[in-house]
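Structural description and commentary
Below, each chain spelled out in residue letters.
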Amino acid sequence: MAEQIDDDPARSAHQARQTGLGSDFVPHNSPDERACAANRDAFDRIGLRQGRCGGHGSGRRERTGGEARRTSAGPPETTVKILDRSWPAPLVVGPLDAPARPGGELAVVRAAAAAGLPAVVSAFAERSFAELASAAADAPLWLRTYAFQDRETARHLTGRAEDAGFGALLLALGDRDDVRARRVAAPADLGVRGPFDDVRTLLRARAEWSDVAWLRAATALPLLVAGVRGPADAQRALDTGADGIVVTDLDALPEIAASVAGRCPVLLSGGVRRGADIVAALASGADAVFAGRPVLDGLRAGGRAGVTEALDGLVRELGDAMAFTGAATVTDLGPDMIRTGPHPADAPPTRAAGRPLRKTELHAAVSDPVLDTMTFLNEITSRYPEAISFAPGRPYDGFFDSEQIFTHLRRYLNHLEEQGSSPQQVRTAMYQYGPTAGQIREIIADSLRADENIDVPAESIVVTVGAQEAMLLVLRALMTGPDDVLLVSSPCYVGITGAARLLDVAVTAVEEREDGISCADLEAAIRTERARGRRPRAFYVVPDHSNPSGTTMGARARAELLELAARHGILVLEDSPYRLVSPGRPLPTLKSLDRTHTVVHLGSFSKTVFPGARVGFVIADQPVVDDTDRTDRTDGTARVGLLADELAKIKSMVTVNTSSLSQAAVAGALLAAEGRVSEMNTAAAAYYGDAMRATLRELDRRLPPERREALGVRWNEPTGGFFLTLRVPFRADNAALIRSAQDFGVIWTPMTYFHPGGGGLHGIRLSTSYLTPAQIAEGTARLVRFIEARGAAPHTSSGGAAR
């Protein structure tokens, strides 16, 4: 056991130098020294605005569980209530990782207890938890824990902390860079033999979300997650069950706090030195801050008395800074109380330039995780270029010939001339914007009749910049208010949910069963939404070889869906980009079966012609009655138009038109094939079918039935399209994807991306379209090795898996 604290500063400092412990205290108020330095720079840029005495009244957001009150005139009230405990000030003491002097742990804990503040001690504490808790008296202690190699060690540790009466656990995500290499004896509460020359040998290299989920399931103590970098991380922490989050970037704090919106405490770690820093942090959205460096300096200078002096000084300075701003309580502190100078890296190029925008000032959709999914996948692909990727759902490049573009263009120009266009008219068609609704609508309509048995007038078609624009146009036209709801088959293509998020459209997920969407489930969802006072407007579905699940809707289900939609007065948004690049004769489209104008068909030539053209279309033949203007009608009746006309109006304010050059290239390809896109893609469909079958064969060969049953692995067997899905026994999240790419050289897509209502935690999407047979064989072998390695590791019912 370490010697008792010596309160003589000079003698204790000498002992610290002799034992070499003086440099081993790691304040850990930031997992990264660079983050701490960045926060210091940010604090130095921040100034406080002087307010009137008696309370500023800034309209500060309500803090989580915050109960700050002022009973009479006098100094500002610094009391807060966090995690159901009242603290005299919004300060957390520590964390302590190793003492700066002999007995330093007890000195800090006792000083914090005297101040009524929580103190954070390390899993590698020099004293037992029971002893530290006894020294803390009624003040709460928090345990700073880690991602241990052996989770039984972690389980034992948290159990000892609970037994000792600790108030919370703190786990930092990311690398273990904040753990200093040092020798320790085996702490009594760790449950393992020692000593250890380097405590890091007990830990994994990184703490990841699976560790958070495991720890949440393993303990009843409140859990705080540190290392939260943005709103997506904050939401992930809440979804995983965290009771609080710790932010290490002051500049990111306002955005994160706004996204949390009071659902849990937000604490700032790193760079706090003065009372004014605490005010600036709270005004930026924090509920409390960690005091690390001031505590360290006080401990080094004067032991327990030095820590007490440092804490008293911070609380006194906090009160002075609040009085300067005019804040009566900490809940009065808001962003209007601070003024911020420009960051050197963001300094405006001229004096006339304005301040940089903050993300919190932008639409909330830009912080939605669904908008980050493809960016993250691209980042992983570029970070691990040698990995084989089953992620991109794009056509195989081998079917494209650059010279074909010129052939397609010439074919379309000839067509215009054959139709009687003059050289001037041809030039105008190529060089000018052209009609907003598109200039190749007749050619697309002819192709749809020839290939899909969809017989609609050309006027009901709007040519779009890919199917993505078609989704935006349709949602903007149909969704008129906050009570309008878009129903989606889930798992669902992220493009439609992303478009809905951008337009603030409410989305309700109808979960697919293994054989696809159930009309009974859809009808139940419609009735539920109406019972809630909301109006279901449309249902989005990919009937053929869907993205991401690969399922195909049967003939009976298609008929039932059309009948159900007509009966309930909702539209069906049909999106089927993979049907004409799949082997075999496809089932009829919903639109070809539509007799009541129930289906809005979203089409794309990205898979069938080439993606770079970015040409899609929407068939919107639904009648639209304009009963607001009858002035030009001699009989007084209302004007009747098409939904397509309304979509074209919206498009005129978005992209104005679809590139005339792109339309010409696609039209030339359609004309050359006499509109039969399926025949044009016969070779490609055969290739994609072979790729799908090869992937299924490799999976079956490397994971025969008895082996996959033992592992708890299964997959579906699509007959076409680009995608198939696997269910695995571990949490298939971004952390698992990184490990798969880094250690096994194979990339895939987590199914969580495609579940707008949550879910898919154990799902993997594989895209087979872009790979050669050799890549499929090797990629499948790597994937199976990854699955076996993860499946063989111990895991909990919550989905966490050890590594």
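Keep in mind the model is a prediction, meaning the values are calculated, not measured.

Criteria and thresholds
Numbering of residues begins from 1 in every chain and follows the order in which that chain's sequence is written. Thresholds applied to this predicted model are a pLDDT of at least 70 for local features of residues and 80 or more for the giving and counting of side-chain atom pairs; totals over whole chains, interfaces and linings are not thresholded and use all residues. Side-chain calculation: all heavy atoms of the structure are included, whereas hydrogens and water are not. For every residue, the accessible area obtained with a 1.4 Å probe (protein chains only) is divided by the maximum for its type, and the residue is called buried under 20%, exposed over 50%, and partly exposed between those limits. The numbering of helices and of strands both runs from the N terminus, where a helix is a DSSP run of H or I of at least 4 residues and a strand a run of E of at least 2. Whether two strands pair comes down to DSSP finding at least two bridges between them. In what follows, residue pairs with any heavy atoms lying within 4.5 Å of each other are defined as contacts. Interaxial angle, 0 to 180 degrees, is taken between N-to-C directions of lines fitted to C-alpha atoms, where a helix line uses only the stretch in contact. By definition here, a salt bridge exists when the distance from a side-chain nitrogen of Lys or Arg to a carboxyl oxygen of Asp or Glu is within 4 Å. Only rings of Phe, Tyr and Trp enter the pairing, Trp through its six-membered ring, and a pair is recorded when the two centres are within 6.5 Å. The plane angle decides the type: under 30 degrees is stacked, over 60 is edge-to-face, the rest tilted. In our convention, an over-ring charge means Lys NZ or Arg CZ found within 6 Å of a ring centre and within 35 degrees of that ring's normal. In a left-handed crossing the near helix is turned counterclockwise from the far helix by less than a right angle, and in a right-handed crossing that turn is clockwise. Side-chain classes follow a simple rule in which Ala, Val, Leu, Ile, Met, Phe, Trp, Tyr, Cys and Pro form the nonpolar group, Asp, Glu, Lys and Arg form the charged group, and the remainder, Gly included, forms the polar group. Excluding any residue in a salt bridge, patches collect residues exceeding 30% relative accessible area, merging like charges within 9 Å and nonpolar Val, Leu, Ile, Met, Phe, Trp and Tyr side chains within 5 Å. Where accessible areas are quoted, they stem from the Shrake-Rupley method and a 1.4 Å probe; at the residue level, only the protein chains shown are allowed to cover. Buried residues of nine kinds, namely Ala, Val, Leu, Ile, Met, Phe, Trp, Tyr and Cys, make up a nonpolar core once their side-chain atoms join them within 4.5 Å. The length a helix should cover is 1.5 Å for every residue beyond the first. The arc in question is formed by the directions pointing from the helix axis toward the C-beta atoms.

Before going further, it helps to examine the pairing of strand E22 (residues 616-619). Residue alternation in E22 divides its side chains into two sets, Gly-616 and Val-618 and Phe-617 and Ile-619, and both sets are buried. Across four bridges, strand E16 (residues 461-464) lies against E22 in antiparallel orientation. Looking across to E22, one finds that Ile-461 is bridged to Ile-619. Of the strand pairs in this sheet, strand E21 (residues 599-604) and E22 are connected by four bridges, and their pairing is antiparallel. Bridging across to E22, Leu-602 finds its partner in Val-618.

Further remarks concern the sheet that holds strand E26 (residues 723-727). The four strands are arranged E25-E26-E29-E28 in an open sheet whose pairing can be described as antiparallel. Unpaired on one side and paired on the other, strand E25 (714-715) and strand E28 (749-750) mark the two borders of the sheet. Two strands pair when backbone bridges link them, and E28 and strand E29 (residues 763-767) are joined in this way by two bridges, in the antiparallel orientation. Its bridge partner being in E29, Pro-750 is matched across the sheet by Ile-764. Packing against the sheet, helix H23 (residues 682-702) makes contact with E25 and E26, and its axis sits at approximately 20° to E26.

For the rest of this paragraph, the subject is the sheet that holds strand E17 (residues 484-490). Either a parallel or an antiparallel arrangement is found when strands of a sheet pair, and the pairing is made through backbone hydrogen bonds. Pairing within the open sheet is mixed, and its seven strands lie in the order E16-E22-E21-E20-E19-E17-E18. The open sheet is flanked by E16 and strand E18 (506-511), the only strands paired with a single partner. Direction aside, neighbouring strands of the sheet carry axes that sit 20° apart on average. As paired strands, E17 and strand E19 (residues 535-541) are joined by five bridges and run parallel to one another. What sits directly across from Asp-484, in E19, is Arg-535.

Bringing unusual backbone geometry into the picture now. Geometrically, the link from Ser-490 to Pro-491 is a cis peptide bond, its omega value of 10° lying close to zero. Here Pro-491 is to be found in the loop between E17 and helix H16 (494-502). Cis geometry marks the peptide bond from Asn-547 to Pro-548; its omega dihedral reads 20°. Tracing the backbone through its elements, the reader meets Pro-548 in the loop between E19 and helix H18 (555-568). Here Leu-83, not a glycine, exhibits a phi torsion of approximately 55°, which is positive. In the Ramachandran plot, Asn-453 falls in the positive-phi region, its phi being about 55° despite a non-glycine side chain. Position of Asn-453 among the secondary structure elements: in the loop between helix H14 (441-452) and E16.

Turning our attention to the pairing of strand E13 (residues 288-291). Here E13 shows no split at all, with Ala-288 and Phe-290 on one side and Val-289 and Ala-291 on the other all buried. As paired strands, strand E12 (residues 266-268) and E13 are joined by two bridges and run parallel to one another. Note that in E13 the partner of Leu-268 across the bridge is Val-289.

Under the definition given, this model contains 40 salt bridges. Arg-782 serves as the salt-bridge partner of Glu-778, at 3.0 Å between the closest nitrogen and oxygen. Highlighted residues: Glu-778 and Arg-782, both in helix H26 (residues 773-792), separated by four residues, approximately one helical turn.

This part takes up the packing of aromatic side chains. Summed over the entire model, instances satisfying the criterion amount to 19 aromatic pairs. Both rings, one in Phe-399 and one in Tyr-688, keep their centres 6.2 Å apart while their planes meet at 70°; by these two values the pair is edge-to-face. Highlighted residues: Phe-399 in the loop between strand E15 (388-389) and helix H12 (402-418) and Tyr-688 in helix H23, separated in sequence by 289 residues. Look at Phe-399 and you get partly exposed, because its relative accessible area is 30%. What links up through ring pairs into an aromatic cluster is the set Tyr-396, Phe-399, Tyr-578, Tyr-687, Tyr-688, Phe-722 and Phe-723. In this structure, Arg-790 packs its charged tip against the face of Phe-730, placed 4.9 Å from the ring centre.

Right, let's get into the packing of helix H3 (residues 104-115) against helix H4 (residues 129-136). In the contact formed by H3 and H4, the axes pass within 8 Å of each other and the chain directions differ by 35°. Here the hand of the crossing between H3 and H4 comes out right-handed. Contacts between H3 and H4 pair Glu-105, Leu-106, Val-109, Arg-110 and Ala-113 from the former with Glu-131, Leu-132, Ala-135 and Ala-136 from the latter. Class assignment for the residues of the contact of H3 with H4 results in six nonpolar, no polar and three charged.

Okay, a nonpolar patch on the surface next. Together, Leu-357, Leu-362 and Val-366 make up an exposed nonpolar region whose accessible area comes to about 270 Å². Relative to the elements of secondary structure, Val-366 occurs in the loop between strand E14 (338-340) and helix H11 (373-383). Given a relative accessible area of 31%, Val-366 falls into the partly exposed group.

What follows covers the nonpolar core. Trp-142, Phe-148, Phe-166 and Ile-245 are the most contacted members of the largest nonpolar core, which has 100 residues in total. Ranked by residue count, the leading element in this core is helix H10 (residues 293-325), at eight residues. Ranked by size, the runner-up nonpolar core spans 41 residues in total, among them Ile-380, Phe-390, Met-751 and Ile-764.

It is worth spelling out H18 at this point. The terminal C-alpha atoms of H18 lie 20 Å apart, and with 14 residues this matches the ideal 20 Å at 1.5 Å per residue to within 8%. Every buried residue of H18 is accounted for by Ala-557, Arg-558, Leu-561, Leu-562, Leu-564, Ala-565 and His-568. Axial view of H18: buried residues confined to an arc of 165°, hence all on one face. Contact partners of the buried residues in H18: helix H17 (519-531), E19, strand E20 (571-575), helix H19 (590-593) and E21. Phi for Gly-569, located one or two positions after H18, is positive at around 70°.

Purely geometric stuff here, so don't read any function into it on its own.
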